[in-house]
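Structural characterization, general
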Amino acid sequence: MTNKKEQQDVLWHSIDISEGLTKLTTNATKGLSEQEADDRLSRYGENVLPEKKKESKLLRFFKHFNDILIYILLIAAVVTAVLGHWVDTIVIIIVAVVNACIGFFQENKAEKALEDIKKMLSHTAQVIRDGKRIEISASHLAIGDLAMLHPGDKIPADLRLIKSDNLRIEESALTGESVPSQKTVHPVPADTPLGDRSNMAFSTTTVSAGTGLGIVVATGQDTEIGKINRMMSDVKLITTPLLRQTANFGKSVSFVIIAIAVLVFIFGHFYRHYDTGELLMSVIGLAIAAIPEGLPAILSIILAIGVQNMAKRKAIVRTLPSVETLGSVAVICSDKTGTLTKNEMTVKTLVTANSLFDVTGTGYSPAGEILKDGTKADLISEPVLDTLIGGFYICNEASLGKDDDDNWYIKGDPTEGALITLYEKSPVDHHETDRIATIPFDSEYKYMATLVEADNENIIYIKGAPDRLLSMAEKQYTIEGESLFDKKYWESKITSLAANGQRVIGGAYKKVSKDKKDLHHEDLYEGITFLGLAGIIDPPREEAIAAIKQCKEAGITVKMITGDHIETAKSIGREMGIGDGMKALEGKDIELMSDEELESAALEYNIFARTSPEHKLRLVKALQARNIICAMTGDGVNDAPALKKADVGIAMGIKGTEVTKDAAEMVLADDNFSTIAAAVEEGRRVYDNLKKTILFILPTNGAESFLIIASILFGTLMPLTPIQILWVNMVTSVTISLALAFEKLEPETMKRPPRSPKTPLLDGYFIWRILFVSILIGGGTLLLNLYLLNKGVSEEIVKTVTIQTIVITQMFHLFNSRSIRKSAFSGDFFGNKAVFVVSGLLILLQLSITYIPFMNNVFGTVMLPLHFWLYPFLFGLGIFIIVEIEKLVMRKISNRL
Ligand code: ATP
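Residues numbered from 1 in each chain as written. Predicted model: local features only at pLDDT ≥ 70, side-chain atom pairs only at ≥ 80, totals over all residues. Heavy atoms only, no water.

1. A word on the side chain of Glu416
The topology assignment puts Glu416 in helix α14 (residues 414-425). A residue is classified by how much of its surface remains accessible, and Glu416, at 5% relative accessible area, is buried. (Helix = DSSP H or I, 4+ residues; strand = E, 2+ residues; numbered from the N terminus. Buried < 20%, exposed > 50% of the residue type's maximum accessible area, 1.4 Å probe, protein only.)

2. Quick look at the sheet that holds strand β26 (residues 630-634)
Taken together, eight strands build an open sheet; the order of strands is β8-β28-β27-β26-β9-β23-β25-β24 and the sheet is mixed. Both edges of this open sheet fall to β8 (315-317) and β24 (585-586), since each of them pairs with a single strand only. For strand β23 (residues 557-561) and strand β25 (residues 607-609), the ladder comprises two bridges, and the chain directions are parallel. Of the residues in β25, the one forming a bridge with Met560 is Ile607. Taken strand by strand, helix α21 (residues 613-625) contacts β9 (331-334), β23, β25 and β26, and its axis lies near 170 degrees from that of β26. (Pairing = 2+ DSSP bridges. Contact = heavy atoms within 4.5 Å. Axes fitted to C-alpha atoms, helices over the stretch in contact; angles between N-to-C directions.)

3. Here we look at the pattern of salt bridges
Scanning the model with the defined rule gives 34 salt bridges in all. A salt bridge links Arg129 to Asp145; its shortest N-O distance comes to 2.7 Å. Here Arg129, found in strand β1 (residues 124-129), pairs with Asp145, found in the loop between β2 (132-137) and β3 (146-149); they are 16 residues apart in sequence, far enough to count as distant. The exposure classification of Arg129 matches that of Asp145, with both residues buried. Among the salt bridges present, the one from Asp662 reaches Lys154, with a minimum N-O distance of 2.9 Å. Residue Asp662 is located in helix α23 (residues 658-663), and its partner Lys154 is located in the loop between β3 and β4 (158-170); the two are separated by 508 residues in the primary sequence. The exposure class assigned to Asp662 is partly exposed, which follows from its relative accessible area of 23%. Through salt bridges that share partners, Arg313, Glu681, Glu682 and Arg685 make up one connected network. (Salt bridge = Lys/Arg side-chain N within 4 Å of Asp/Glu carboxyl O.)

4. Looking at the site of the ligand
Close to the ligand lie 19 residues; Lys336, Asp413, Arg503, Val504 and Asp564 are nearest. A distance of 2.5 Å is found between an oxygen atom of the ligand and a backbone nitrogen or oxygen belonging to Lys336. In the environment of the ligand, an oxygen atom lies 2.4 Å from a nitrogen or oxygen atom belonging to the side chain of Arg503. Across the complex, the protein chains shield 93% of the 610 Å² of accessible surface that the ligand would expose by itself. (Near = heavy atom within 4 Å. Polar contact = N/O pair within 3.5 Å; in protein donor to acceptor, adjacent residues only side chain to side chain. Areas by Shrake-Rupley, 256 points an atom, 1.4 Å probe, with all protein chains shown as cover.)

5. Quick look at helix α3 (residues 34-44)
Here α3 has its buried residues at Ala37, Arg40, Leu41 and Tyr44. Seen from one end, α3 has its buried residues packed into an arc of 105 degrees, which puts them on one side. What points out from α3, more than 90 degrees from its buried face, is the exposed set Gln35 and Ser42. With its phi angle positive at about 90 degrees, Gly45 sits one or two positions after the end of α3. (Arc of directions from axis to C-beta.)

6. Quick notes on the packing of helix α17 (residues 542-553) against helix α24 (residues 673-714)
Look at α17 against α24: their axes get within 8 Å of each other, and the N-to-C directions meet at 35 degrees. The hand of the α17/α24 crossing is left-handed. Contact residues: α17 offers Glu543, Ala544, Ala547, Ile548, Gln550 and Cys551, while α24 offers Phe673, Ser674, Ala677 and Glu681. Across the contact of α17 with α24, the residue classes break down as six nonpolar, two polar and two charged. (Left-handed = near helix turned anticlockwise from the far one by under 90°. Nonpolar A, V, L, I, M, F, W, Y, C, P; charged D, E, K, R; others polar.)

7. A look at unusual backbone geometry
Within the chain, Asp406 stands out as a residue other than glycine whose phi angle is a positive 65 degrees. Positionally, Asp406 belongs in the loop between β14 (399-402) and β15 (408-411). For Asp406, a relative accessible area of 52% gives the class exposed. Positive phi outside glycine occurs at Arg610, with the angle close to 45 degrees.

8. Considering the confidence of the model for the chain
For the chain, the average pLDDT comes to 86, and 95% of its residues sit at 70 or higher. Across residues 230-237, where pLDDT falls below 50, the model places 24 contacts with residues more than four positions away in sequence or in other chains. (pLDDT = per-residue confidence, 0-100.)

9. Notes on the nonpolar core
Ranked by size, the top nonpolar core spans 128 residues in total, and within it Leu73, Ile332 and Phe673 carry the most contacts. Looking at this core, the element that brings in the most residues is α24, giving 16 residues. Inspection of this core shows a minimum of three residues originating in each of domain 2 (240-310 + 679-895) and domain 3 (316-341 + 542-669). Listed in part, the 35 residues of the second largest apolar core include Met345, Leu385, Val428 and Tyr461. (Core = buried A, V, L, I, M, F, W, Y, C linked by side-chain atoms within 4.5 Å. Domains from an automatic or database assignment.)

10. Remarks on the packing of aromatic side chains
Counted according to the given criterion, the structure contains 23 aromatic pairs. Aromatic side chains Phe61 and Phe62 sit 5.5 Å apart centroid to centroid with 75 degrees between the ring planes, which places their arrangement in the edge-to-face category. Arranged with centres 6.4 Å apart and planes meeting at 85 degrees, the rings of Phe812 and Phe873 form a pair that is edge-to-face. Here the residue Phe812 occupies a position in helix α27 (residues 795-817), and Phe873 occupies one in helix α30 (residues 870-896), the gap between them amounting to 61 residues. Given a relative accessible area of 17%, Phe812 falls into the buried group. Each residue in the set Phe815, Phe825, Phe829, Phe830, Phe836 and Phe880 is aromatic and connected to the rest through ring pairs, giving one cluster. Its guanidinium or amino end placed over the ring of Tyr687, Arg755 lies 3.5 Å from that ring's centre, counting from NZ or CZ. Taking the ring centre of Phe829 as reference, the NZ or CZ of Arg818 above it sits at 5.5 Å. (Phe/Tyr/Trp six-rings, centres within 6.5 Å; stacked < 30°, edge-to-face > 60°. Lys NZ or Arg CZ within 6 Å of the ring centre and 35° of its normal.)

Shown next, in the form of C-alpha cells:
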C-alpha cells in the first residue's frame, strides 16, 4: 500500500475500481487477510472519531453551585460571618461544598452509566477478510477492507463502492440533503462535489435501501465526517420530567422560604423584640432547615441505578427520561417475528400446483426428508418441487454453518436460513449458479428477487409474501409445464397453512433474455410464473407468553404489528394471548381509513397483519391522539420514523439496524418481548422509589421549619442552631434516604394500571402526608422540648435531645416510607438490606455527634446521659405507629370510595 499521505491525496471517486484496488493492495473478492488488516490497524490507528471535547472537570464542579438553594446557603454563610459566628460560616460552606461534591459525583456516576451503555451499543461492520464474511467492531476496520452494506446500516468508514444493487444512501448527516442518493460504481470527474460523488459512501451516513460492497479508503479522523469533526452523540438527555419537576419545585420552595423568613424576621423584630443578631441566626436556621439540599442528588442516583438494573436485564436505555416514561406505558406494540416468536424457522410444508409435501427435521440442521403421502418424495418425478426449492436457494442471502460444538447455525435472515436448510435436505443442486443482480428483501415490497444466468436465457427467481406474488403472477408451473394461473387454489392453500400458524413464503420465476444484466421492481410487473409455497413454523417464545400475561395484569395492552399473513398472525396471537385471536386488521384496511377511523380501530384491534412500516407510524399517531402512552418495537430502516414518534421507541439489538437503534429510546439486547415487560417493571419500581424518597425527605425539612417557626412565634427557646440543622439535613438525606433506591418492587406494582403521565408529582395525598408528618414530628418535638425545659433540663441537653429526636424519628419514618400506602410489614420486611445498613450507620453518626468531644465543640452538642435516649426512641416509635394507623385509615377510606 502507498503511504498514508499519498493515500489521503487520492481522489478515490475519480479513479477506476481496478486502479483503486491496486493502490490499496487489496482484492475485490477476498478482501484483506486478517494479518494484513491487523498490520494496517497498528500502523494507521483504529477507525474511531475523536471524542467530543468535554467541559473541564472544574467547570462542571462549579456548575453545582449555580442553584438557587445553594445561593441561599451562601448568603446564610455571609450573614453568619458578618455576625461573627465563624463556626457556623465554616460549616455552612462545608455543606455547600459537600453538596456540590455529591452532585458532581452523582453526575459522573450517571454519565458513567450512560458511557457503559454507549459501549454496549458500539457499531459493527460486516467485512470480507480471507474470502470469508465476518462481523467486526467498526473500530477495527482497516484501509483496504471490503465492507458489505445492507439497508439500515450506518456506513462505518469512507468507502469507494465496487458493487451497488439498487443502493441508496441517506447523506443528510454530511450534506444536509435528506433525499437518499442513488449509488453506482462508475468513476466521476475529480471536481465533483461531495454530495454528487455517486460511487462513494461516507462514514456515519445510512443505507436506506439496496445492498452494496465498498473498499475502505479513509477511517476515523481522515473520513469526511472526521474532517468536519462532527460527532454523532449516541446517548442524550440526562434530565427527566420528574427531575425537572423536582428542580422547579425546589425553586418555588426557595421563594416561599425567603418570603416566610422575611415575615418571621419582621414578626420577631417588631412584636417579640428579639435581639437582631439572634433573630437573624434563627431566620437563617429556618432557611437552611427548609432547603432539601440532598434531594436532587438522591433522585439522579436512583435513576442511574435504574438504568444499570435495566441494562442487567438486557434493556439498554439510551435516554434517562424513558426510565420514567416506561413506567407509564399503556400500550406496547410489538413485532411478531423474533420478538414474540423464537425466530428459529423450520420449513414444515411445501405446496405445488399438483401436490403437498411434508418436511421432517427441526431447527437448522439439514437432517430430514421431504415426504409425499408419508413416503420419501422422488424429485425426478417432481420437477416443480425441484425448481421451487432451487429458486428458494438461489434467491437467498443467508448461509448455513456448523460451530465448534457441531451445532448448525445460520448467518443472515432466519426465514432465508430455513430455506437453505430445506435445500440441503433435498437432492436439488444449484450450488454453482452465477447471480447477476438482486433486489434484496424489503418489508415495504415484501419480496426478494435474484437474476441468474441459465443455459439459453436468464432467469429471475422471486420469493416473498405469497399474496404479493399472487397479485403479480400470470401463470403457474405444473408437472405438465406452464399452465393457466389458478388463484383460488393458491388462496385456499395459503389460508389453510397460515391458519395453522405457519409463516408462508411463495416462490416464482420469470424467464428473461440472455442480455438482461440488471434488475428493477418494474421487471416483475408481468410475465411471472408461480411455483409454489413453503409453510414455515416459528414457535412462540414461552417467556413472551408469560410476559404478555404479566402486562395484562398491569393494565398494559399488547398489540401485535406484523408483516405476516393475517391468519398466521391470528393463530400466533391466539396461542400467545394477544387479543381474542379472532379480530385482526390488515394493512390494506388501514390504508382505507381516515385518521379518525384509525383512532378507534387502533383501540379496538390488537392484531395488525400485512402491515408496512408507514402503518406503524399511523398507528402510533392514532394511539397518541387518544392520549395513550405507547411503546413501539422495530428493526428495519423504515421503522425509524414510527420509533421516533412513539413515546418509547424500542429497537432490536440483534436484528435491528443501526438506523433503528439511533432512533430508539431503548435497545433490547436479546430482541425478546419479555425484556420489554421487565423494563416496564423496572420503570415502575424506579418511579415508585423516586416518590418514596421525596415522601421521606421532605418531612425532615417540613418538621424543622415548623419547629423553628413555632418557636419564634411562641417565643420559646430556639430549638436548633443552623449548623445543627445542617447536620440533621445532611445525615437524613445523604445516608438514609439512599436506602430507598434499593427498595424492591412491591408485588402489586405490576397489578395496577399504568400511571397517567398527567399525574402531578405531588398529588393531594402526597401533600397531605408531607404536611401531616412534618407537623407531627415538628409539633411533637416542640412539645417534648417544652416538657424537658419545664422539668429543668439544661438547654444544651434539650438541643442534643432535639437533634436525636428528629434524626431517629426519621429513621423510623424510613420504614413507614418503604411503602407509600401499604403497611410497613406488608412486603418482604428484610428484603432491602440497605435499610438496615443505613439505620446502623445513622446510629453510629448520632453517637459520634454526641460522644466525640470535637463534634461536641463544633455542633454545640453535649454528652447525653443514657436515659435521655429513651425520648427519641419512644418518640420515633410513636410516630411510626401513628403513620401506620394513618395509612390504614386512608386505605379503608379509599377502599370505600
Ligand atoms: P414482523 O413485522 O412481526 O417482524 P415479519 O417478519 O413476518 O413480521 P416482514 O419481515 O415484513 O414481517 O415479512 C412479511 C412477509 O414477507 C412474510 O410473511 C413472508 O411471507 C415474506 N418474507 C419475509 N422474509 C422474507 C425474505 N427474506 N424473502 C422473501 N420473503 C420474505
